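# Chain and residue survey
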Amino acid sequence: MPASGQQSPVSTNHVKPSCSAVVGLQWGDEGKGKVVDLLAPGHAAIVRYNGGANAGHSVVVGGKRFALHLVPSGVLRPGSRSIIGNGVVVDPEQLLKELTTLSEQGIDCSQVLVSDRAHVVMPYHKAEDAARERALAESLGISAVGTTGRGIGPAYAEKVQRSSAVRMGDLLRPDWLRERIRAALAFKRPVLERWAPDVTDALDEELLYETAIGWGEKLRDRIVDTTRLLHEHLDAGDRLLFEGANATLLDVDHGTYPFVTSSNASALGIAAGSGVPSQRIGRIVGIAKAYQTRVGAGPMPTELTDAIGDRIRERGREYGTTTGRPRRIGWLDLVALRYSTQLNGVTEIALTLLDVLGGLDELKLCTSYEINGERVSHFTPDACTLESVMPIYQTLPGFAEDLGECRSVDELPSAAKAYIARIEDAAGAPITMIGVGPDREQTILADQVSGVGSVG
Ligand code: GDP
Ligand code: IMO
Ligand code: MG
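Figured I'd write up the structure that's included with this text. (Residues numbered from 1 in each chain as written. Chains lettered and ligands numbered in written order. Predicted model: local features only at pLDDT ≥ 70, side-chain atom pairs only at ≥ 80, totals over all residues. Heavy atoms only, no water.)

## Details of the coordination of the magnesium ion (ligand 3)
For the magnesium ion (ligand 3), the protein coordination sphere consists of Asp29 (OD) and Gly56 (O), at 2.0 to 2.2 Å. Taken as a pair, Asp29 in the loop between strand S1 (19-24) and helix H1 (32-39) and Gly56 in the loop between strand S2 (45-48) and strand S3 (57-61) lie far apart in primary sequence, 27 residues in all. Judged by relative accessible area, Asp29 falls into the partly exposed class, the value being 22%. (Donors = N, O, S within 2.8 Å, 3.2 Å for Na, K, Ca; no water. Helix = DSSP H or I, 4+ residues; strand = E, 2+ residues; numbered from the N terminus. Buried < 20%, exposed > 50% of the residue type's maximum accessible area, 1.4 Å probe, protein only.)

## Some words on the site of ligand 2
Around ligand 2, the surrounding shell holds 20 residues, and the nearest of these are Lys32, His57, Thr148, Asn246 and Thr261. Within the contact set of ligand 2, an oxygen atom lies 3.5 Å away from a backbone nitrogen or oxygen of Gly146. Thr148 is positioned such that a nitrogen or oxygen atom in its side chain is 2.6 Å from an oxygen atom of ligand 2. Protein coverage of the free-state accessible area of ligand 2, which is 550 Å², stands at 98%. The residue inventory of the shell around ligand 2, partitioned by class, reads seven nonpolar, 10 polar and three charged. (Near = heavy atom within 4 Å. Polar contact = N/O pair within 3.5 Å; in protein donor to acceptor, adjacent residues only side chain to side chain. Areas by Shrake-Rupley, 256 points an atom, 1.4 Å probe, with all protein chains shown as cover. Nonpolar A, V, L, I, M, F, W, Y, C, P; charged D, E, K, R; others polar.)

## Topic: the site of ligand 1
The environment of ligand 1 is made up of 20 residues, and the closest members are Gly31, Lys32, Gly56, Ser58 and Asp355. Here an oxygen atom of ligand 1 and a backbone polar atom of Gly33 are 2.9 Å apart. One nitrogen or oxygen atom from the main chain of Gly435 is found 3.3 Å from an oxygen atom belonging to ligand 1. Protein coverage of the free-state accessible area of ligand 1, which is 580 Å², stands at 96%.

## Considering the state of the cysteines
Under the counting rule described, the total for this entry stands at zero disulfides. Cys384 provides the cysteine sulfur closest to Cys366, a residue in no disulfide bond, and the two sulfurs are 19 Å apart. Taking relative accessible area as the criterion, Cys366 reaches 0% and is therefore assigned buried. (Disulfide = S-S within 2.5 Å.)

## A few points about the packing of helix H10 (residues 334-344) against helix H12 (residues 414-427)
Relative to each other, H10 and H12 sit at 50°, their axes nearing to 8 Å. Judged by the angle between their axes, H10 and H12 are oblique. Taken as a pair, H10 and H12 cross one another with a handedness that is right-handed. Counting all contacts with H10, which are made through Leu334, Leu337, Arg338 and Thr341, the residues of H12 involved are Arg422, Ile423, Ala426 and Ala427. By residue class, the composition of the contact of H10 with H12 is five nonpolar, one polar and two charged. (Axes fitted to C-alpha atoms, helices over the stretch in contact; angles between N-to-C directions. Parallel < 35°, antiparallel > 145°, perpendicular 65-115°, else oblique. Left-handed = near helix turned anticlockwise from the far one by under 90°. Contact = heavy atoms within 4.5 Å.)

## What about helix H9 (residues 307-315)?
The set of residues buried in H9 consists of Gly309, Ile312 and Arg313. One side of H9 holds all its buried residues, which, seen down the axis, span an arc of 100°. Packed against the buried residues of H9 are strand S13 (328-330). For H9, the side-chain oxygen to backbone nitrogen distance between the N-cap and Ile308 is 3.2 Å, and the N-cap itself is Asp306. (Arc of directions from axis to C-beta.)

Okay, here's the thing in structure tokens:
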């Protein structure tokens, strides 16, 4: 307080919205990696805040494909830090493998850092993930979630359980680490012996301890208090870019539960998963495919199980980056898109994979649902309700042309412009980027797109 006893004016510098975020608006694989790579220049750090190695983000540069699972997609742009925040569950085995592969591909990984508070995915989490899925489907006859098998659910459960969880910082504290592993095994052993009798290594205390200590030795220099580091960047006036993993309709609170992942995969998870307050984020770029895909089980009102779906799957190479599973395909669901746009506070949309729809005679957009004979235009994330909705479509003319060479809105066929305009109108946010191919260069950018909403 100044000597006069009067309070000095409150500075608003500490909440200046200098950060941006990229978040998936559907069920994942919307092309977040490509957009993060495009936006990364000018940001001091690219930050993952949720999920784990269930994510598979592909970036194609000059025809060369990179697959990122834990390392933020900004790593391909030299000059920014790559931060794995506290909200991520980290499989150190996978992280080390990824760092090696990237380094072999000539990528500088020296600025990849991991939060000391991020939780570790242990081998028994992966074993439990697989065992639960198998037991649900085979022994109990209940629909499995169709997880990626990366141990995500059990690792987040352990985090919330507290007493037996291992955090990245614990890999550097031998006595503490041993205690945590011992506690975890006391509870895991009966479960895994019952549901996965073939699992042995994941229950071997000595082996687990030695393995974990080894991870700590290799990752020691990368394990830091990332929250403090991010605030130092903010204090220095730097810009940060948050990279969402998974997607809004897979968000554990706001997605199509229980067919979701185990973290807040929407933009709502950024603050808790990084330690950066939400007022700091002024730009939220929502990523939506020009159609719908989903991997794993759960409702998908616009799913196509016919030749059109197969055609889109092949043209879009719709096979999982993480598991290789064929993705389910559907027409774009505008009811779900509007829900995701509102929930995230999306300020702009990147519409990706538009080129994949080229060559179809007509395109359908789901504009509302029918539930028990009643027309509704709002999305319900409740899986049981969503399972029973009937999609109502608007049909638009298709475009025959190959869009791969288009670099401006003017070059797009008029049917494609009309399709984009209808999406923009329904979503309630401007479309500022359009993807016309996987390569970094195959993108139509903001200043060229503005005004497309008034076309057609
Ligand atoms: P993410 O998980 O959201 O990062 O998305 P994925 O990388 O799992 O899946 C998106 C796929 O589409 C990848 O194979 C990308 O290379 C590819 N891709 C991204 N944008 C476009 C686009 O505009 N057109 C085409 N044809 N492919 C794209
Ligand atoms: P990116 O970041 C697509 C899905 C799984 C499964 C459900 C739960 O590449 O968009 P989990 O292993 O998380 O417990 O699986 O969530 N899923 C994804 N689907 N893209 C992803 O990530 C996904 N991450 C999780 O297929 O249905
Ligand atoms: Mg993916």
